[in-house]
Amino acid sequence: MASNEHDSAPSSQSNADSAKCPYHEGQNRSAEGENPYTHPNRNGPHDTKPNAGDGHAKDEALETYRADAEGHDLRTNQGLRIADNHNSLKAGERGPTLMEDFIFREKMNHFDNERIPERIVHARGAAAHGYFQAYDNAARYSKAGVFSDPSKKTPVFVRFSTVQGSRGSNDTVRDVRGFATKFYTDDGNWDLVGNDIPVFFIQDAMKFPDFVHAVKPEPHNEIPQGQSAHDTFWDFVSLMPETTHTVLWTMSDRAFPRHYRNMEGFGVHTFRLIDREGVSRFVKFHWKPVAGTCSLIWDEAQKLWGRDPDFNRRMMWDDIKSGAPLEWELGIQVVEEKDEHSFDFDILDPTKLIPESLVPVMPIGKMVLDRNPDNYFAETEQVAFNPANIVPGIDFSNDPLLQGRLFSYLDTQMLRLGGPNFHEIPINQPVCPFHNNQRDAQHRQTINTGQASYEPNSIDGGWPAETPPSQDAHGGFEPYHERIEAHKVRARSASFGDHYSQATLFWNSQTDVEKEHIIAAYTFELSKVERPWIRERVITEILPNIDLELARRVGENHGIETPTSKPAPDGELGTSQVDSDPALSLMARLPDSIATRKVAILAADGVAMEDVRSIKEQLAAEGAEGLLIAPSMAPIKAGDGTMLSPDAMLNGLPSVTVDAVVVAGGVGSVEALSGSGLGLYYVQEAYKHLKPIVAICEGKELLAAARVPVEEGVILVDDVLAASLPLRDALMAHRVWSRDARANQMPA
Ligand code: HDE
């Protein structure tokens, strides 16, 4: 580890020489003038190298802390070489262990304390490094350095998470996903701590502990894990109508994205952007996935809990490792201050989105995630995001949920990361230098030199000194000068009273298939609710306010009669300037390429070699992957005698882990697969989950044996080359939606 060099007090000498008070010198310094923070060519957290703008600044800073054990002796934490790492020190070979054994005690003591509290929400996560690059239109709206130069790459670290489950829960649960981005800008860290759903359950931070207590596993038995399908969740949300809009999103397929790369991200709250002239505009942040949006099917997502609980994090890891980065465009919806009140809803209400058909999303930059962390704990677990981390050019709005968050994150991280010095943990350090008079406390790493740890001072030259605000990003932070004149009240604005109009908007914007999935989701979730009055309250008092037909269908499945008109008062029903908005459907941005898609090629001894080779080639040409799946891991002997090594076994990489299935030809191969329960189940399950299925020549006999109907998306070809286009088209549509209504007839 390189030592941290620190600036010495720059003007102590000149102090002695002149009668000028260095405190006042510091005060008079202009933002553009000599800055004691910037000292080129120094390493360490406080004096970093100048950021070359190639996106590597954070990687280089982390290098200081990387430890590679290759070629090194095993030593204690005190540097002592260890001669025997297998046996504790005993009084005789069969005698008791001696207290004296400091090597044993050090090792065990460290192990005993290896865990830290998991995050109270968003405990399960996976992260990646990358960079953000602004487009040339971004600087117009914000003076933030991250937007100033289109040639510059700002390093980022992004953590995706589920909310409800503990750290060891499953990836594909029905839940909101966290989408937290730390931009390591030259002017400090900017954290955009968002979700994959653009709205939130509650309007005021005061209700957050209640909401989280309700959704988390129930307190008496800690059941269920990673799910909202239980009494306390539905009890709370049915008593709090403001939750309806976000609950509806979580009942849609958005709640289990196929891949993080297929997920949208949202800043949720309305923020402010401040331009060089000091003009403030309201803004909503969006992450639009370059790979388009798509999700799993609920039955598939559930099966993945057991088949591959790490499904999302594994895909991200593997893709990045194989050189297929994850990409998003950052988009903004801009609302001029004068237009703040021109919507049917309050833009400070976090249960509302701004429909894209009213305010289009303007792309202002691109983010690429292309490097996996070196160490899960050091980076992904110890990273601390905080919506309060902003930089000049970005500011908060008065959204009462955001305002509450500004307190919560630092507060919880104090416990989770063990004290106020967690900003010194390498992953949390900014890439720019930082000096202040905060001192001491648990695990302090920095060795602050100088005598004055206060400001103003005349002992250490007045340093570190304040920086006046400036027109560019490098000035000191000043909050937007919003004029506020108000009574102190504990109240909710009447403009937050509409609880249903946007839920109705979301419902109206879904395709028929998506609506069916939402009906199935409410039906399923409520079936897990034990108390009948809670089920009844959801079905008769909440759902009809979204849509009478939605309520009727869910009611029918629960044997509960529903009202024929909306029961909520007009104020709660609200009004919407638009009836539907295509951007709210997952289908609006389906992937436009098949890159990184995974296709199983089912084969056994006797498989037609040409089929396997050709399909693999066809897929590889488009950046997709064909995986040879066989009954066992033993090499397969193809029809032409070639020996092929399987990529996986039928139950090792089951159909839920792939996007499509190809049954290769070859009499012996197809006979073997047809005689195997796993072979039959593979294609049945793929059919049930609406996946494209291709059968080449004899391959169609496996489909017949499995009773897979021949219909759209079940592609039969006699020549492997004829499979290419239809398979590609079907993969582009993600799933064979026309099969949705019949899929449940398949007993898989
Ligand atoms: Fe969070 N949230 N949250 N949240 N949140 C946390 O901070 C909180 C909210 C979000 O990958 C915690 O360090 C309050 C909205 C993400 O490390 C905690 C309120 C949005 C992550 C906390 C909200 C989020 C968190 C838990 C309502 C989307 C994971 C551990 C007032 C815009 C970040 C931690 C990561 C984490 C508080 C609501 C996103 C307890 C009080 C809305 C992505 O501080």
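In this text, all values refer to a predicted model and were calculated from it rather than measured experimentally.

Undergrad: Explain the overall build of the protein here, please?
TA: Along its length, the protein carries 22 helices and 18 strands. For a compact globule of 748 residues, the expected C-alpha radius of gyration is about 27 Å, and the protein comes in at 29 Å, within 12% of that figure. Seen through its C-alpha atoms, the protein measures out along the principal axes to roughly 95 × 80 × 60 Å. Taking all 748 residues of the protein together, 45% fall into the buried category. Taking all contacts inside the protein whose residues are at least 6 apart in sequence as the whole, residues at least 24 apart take part in 75%.

Undergrad: Would you mind going over the pairing of strand S11 (residues 598-602) with me for this structure?
TA: Regular strands place side chains that alternate from one sheet face to the opposite one. The buried fraction of S11 is high, at four of five residues. Strand direction decides the pairing type here: S11 and strand S12 (residues 625-630), joined by five bridges, are parallel. What sits directly across from Val 599, in S12, is Gly 626. Handedness of the crossover is the feature at issue here: the chain leaves S11, passes through helix H17 (residues 609-621), returns alongside S12, and the resulting connection is right-handed. Bridge count between S11 and strand S16 (residues 660-663): four bridges; the pairing is parallel. Opposite Ala 600, over in S16, you have Val 661 as the bridge partner.

Undergrad: Would you explain the packing of helix H6 (residues 231-239) against helix H14 (residues 532-546) in this entry?
TA: Packed helices, taken two at a time, are described by their axes: the angle between them and the distance between them. Where H6 meets H14, the closest approach of the two axes is 9 Å, and the angle between their N-to-C directions is 35°. Crossing geometry of H6 relative to H14 is assigned as left-handed. Taken together, the residues of H14 that come into contact with H6 (itself represented by Asp 231, Trp 234, Asp 235 and Ser 238) are Ile 534, Arg 537, Val 538, Glu 541 and Ile 542. Each residue belonging to the contact of H6 with H14 can be placed in one class, and the counts come to four nonpolar, one polar and four charged.

Undergrad: So what exactly am I meant to see when it comes to the site of the ligand here?
TA: The ligand sits among 26 residues. The nearest are Arg 119, His 122, Gly 178, Ala 205 and Val 268. Taken together, the elements giving at least two residues each to the shell around the ligand come down to strand S2 (153-162), strand S3 (177-185), strand S4 (188-195) and helix H11 (400-416). Considering every element that reaches the shell around the ligand, the biggest residue donor is H11, with seven residues. Classifying every residue of the shell around the ligand by side-chain character gives 13 nonpolar, ten polar and three charged.

Undergrad: How do you make sense of the pairing of strand S17 (residues 693-696) when you look at a structure like this?
TA: Residue alternation in S17 divides its side chains into two sets, Ile 693 and Ala 695 and Val 694 and Ile 696, and both sets are buried. The pairing of S16 with S17 spans three bridges and is classified as parallel. Paired with Val 663 across the bridge in S17 is Ala 695. Taken together, the four bridges between S17 and strand S18 (residues 714-717) define a ladder with parallel strand orientation. Considered in S18, the bridge of Ile 696 is made with Val 717. Taken together, S17, helix H20 (residues 699-705) and S18 constitute a β-α-β crossover, and its handedness is right-handed.

Undergrad: Could you clarify how one ought to interpret the sheet that holds S12 in this entry?
TA: Within a beta sheet, neighbouring strands are joined by backbone hydrogen bonds and run either parallel or antiparallel to one another. Read across the open sheet, the six strands follow the order S15-S12-S11-S16-S17-S18; overall the sheet is parallel. For this open sheet the edge positions go to strand S15 (648-649) and S18, each flanked by a neighbour on one side alone. Packing of helix H19 (residues 677-688) onto the sheet brings it into contact with S11, S16 and S17, and relative to S16 it is tilted by some 140°.

Undergrad: For this particular structure, what's the right way to read the environment of Met 732?
TA: Along the polypeptide, Met 732 turns up in helix H21 (residues 724-732). Filtering out sequence-adjacent residues up to four positions away, Met 732 remains in contact with Pro 591, Asp 592 and Ile 594.

Undergrad: How do you make sense of the nonpolar core when you look at a structure like this?
TA: One broad trend across soluble globular proteins is that nonpolar side chains are buried collectively. Ile 601, Leu 602, Val 661, Val 662, Val 663, Val 683 and Ile 693 are the most contacted members of the largest nonpolar core, which has 161 residues in total. Once you skip the residues sitting within four places of it in the chain, Ile 693 turns out to touch Val 661, Val 683, Ala 686, Tyr 687, Leu 703, Val 708, Gly 713, Val 714 and Ile 715.

Undergrad: Looking at this structure, how should I read unusual backbone geometry?
TA: The peptide bond linking Ile 223 to Pro 224 adopts the cis configuration, its omega dihedral lying at 0°. Between Trp 463 and the following residue, Pro 464, the backbone shows a cis peptide bond with an omega angle of -10°. Topologically, Pro 464 is positioned in the loop between H11 and helix H12 (501-508). Residues other than glycine seldom take positive phi values, yet Leu 690 does so here, at roughly 65°. With respect to the helices, strands and loops of the structure, Leu 690 is situated in the loop between H19 and S17. Exposure remark for Leu 690: the 21 C-beta atoms within 10 Å place this residue in the buried category.

Undergrad: Looking at this structure, I do not really get the UniProt feature "domain: Catalase core" (unreviewed entry) in the protein. What am I missing?
TA: Mapped onto the present numbering, the UniProt feature "domain: Catalase core" (unreviewed entry) falls on residues 75-463. Taken end to end, residues 75-463 comprises 20% helix and 20% strand; its first and last C-alpha atoms sit 40 Å apart.

Undergrad: Explain the packing of helix H13 (residues 512-527) against helix H15 (residues 548-558) to me, please; I cannot follow it from the model alone.
TA: Between H13 and H15, the least distance of the axes is 9 Å, while the angle of their chain directions is 40°. Between H13 and H15, the crossing angle belongs to the class labelled oblique. The chirality of how H13 crosses H15 is right-handed. Residues Ile 519, Tyr 522, Thr 523 and Leu 526 of H13 touch H15, and the partners they reach there are Leu 550, Arg 553, Val 554, Asn 557 and His 558. Of the residues contributing to the contact of H13 with H15, the split by class is five nonpolar, three polar and one charged.

Undergrad: Explanation requested: helix H18 (residues 667-674) in the structure shown.
TA: In an α-helix, one full turn covers 3.6 residues, which means residues spaced three or four apart are oriented alike. Taken together, the buried positions of H18 are Ser 669, Val 670, Ala 672 and Leu 673. All buried residues of H18 lie within an arc of 160° about the axis, which places them on one face of the element. Looking at the packing, one finds that the buried side of H18 touches S11, S16, H19 and H20.

Undergrad: What's the story with H17 in this structure? I'm lost.
TA: With 13 residues, H17 ought to run about 18 Å at 1.5 Å a step, and its terminal C-alpha atoms sit 18 Å apart, in line with that. Along H17, the residues that are buried comprise Met 609, Asp 611, Val 612, Ile 615, Gln 618 and Leu 619. Of the surrounding secondary structure, the elements contacted by the buried residues of H17 are S11, S12, strand S14 (643-644), S16, S17 and H21. After H17 finishes, the residue Gly 623 shows a positive phi value of roughly 80°.

Undergrad: How do you make sense of the environment of Asp 370 when you look at a structure like this?
TA: Note that Asp 370 resides in strand S9 (residues 362-371). The sequence separation of Asp 370 and His 558 amounts to 188 residues, and the corresponding C-alpha distance is 47 Å. If sequence neighbours within four positions are ignored, Asp 370 has contacts with Gly 130, Ile 320 and Pro 325.

Undergrad: Just to check I follow, could you spell out the environment of Arg 66 for this structure?
TA: Mapping Arg 66 onto the fold places it in the loop between helix H3 (57-63) and helix H4 (102-112). Residue classification places Arg 66 among the exposed positions, given that 12 C-beta atoms sit within 10 Å. The sequence separation of Arg 66 and Asn 375 amounts to 309 residues, and the corresponding C-alpha distance is 9.5 Å.

Undergrad: Just checking my understanding: could you explain the confidence of the model for the protein for this structure?
TA: Predicted coordinates in regions of low pLDDT should not be interpreted in detail. Averaged over the protein, the pLDDT score is 93; the fraction of residues at 70 or greater is 93%. Residue range residues 1-44 is modelled with pLDDT below 50. Its contacts to residues more than four positions away, or to other chains, number 71 contacts. Overall fold confidence for the complex sits at a pTM of 0.94, while the interface term, ipTM, reaches 0.98.

Here is what the cut-offs are and how they apply
Within every chain, residues take consecutive numbers counted from 1 along the sequence as written. Given that the model is predicted, a residue must reach a pLDDT of at least 70 before its local features are reported, and side-chain atom pairs must reach 80 or more before they are shown or counted; all residues, however, enter totals for whole chains, interfaces and linings. By definition, any uninterrupted DSSP run of H or I lasting at least four residues is a helix, any uninterrupted run of E lasting at least two residues is a strand, and each is numbered from the N terminus. C-alpha atoms define the radius of gyration in this analysis, and the globule rule sets the expected value at 2.2 Å times the number of residues to the power 0.38. With C-beta atoms placed from the backbone, a residue is buried if 20 or more other C-beta atoms are within 10 Å of its own, exposed if 12 or fewer are, and partly exposed between those counts. What counts as a contact is two residues whose backbone-derived C-beta atoms lie within 7 Å of each other. Pairing between two strands requires that DSSP report at least two bridges joining them. Call a crossover right-handed when, viewed with both strands pointing away from you, the route from the first strand across the helix to the second goes clockwise. The convention used is that axes are lines fitted to C-alpha atoms, helices contributing only their stretch in contact, and that angles between N-to-C directions extend from 0 to 180 degrees. By definition, turning the near helix anticlockwise from the far helix through less than a right angle yields a left-handed crossing, and turning it clockwise yields a right-handed one. Under this grouping Gly is polar, as are all residues other than the nonpolar Ala, Val, Leu, Ile, Met, Phe, Trp, Tyr, Cys and Pro and the charged Asp, Glu, Lys and Arg. Nearness is defined per residue: the C-beta atom, placed using the backbone, must lie within 6 Å of the molecule or strand. Here, a nonpolar core means buried Ala, Val, Leu, Ile, Met, Phe, Trp, Tyr and Cys residues linked by C-beta atoms lying within 7 Å of one another. UniProt positions are given in the numbering used here, feature names are shortened, and annotations may be inferred rather than shown by experiment. The labels follow the angle: roughly parallel below 35 degrees, roughly antiparallel above 145, roughly perpendicular from 65 to 115, and oblique for the rest. As used here, the arc is the angular range of directions from the helix axis to the C-beta atoms. The span expected for a helix works out to 1.5 Å for each residue beyond the first. Scored from 0 to 100, pLDDT records how confident the predictor is in each individual residue.

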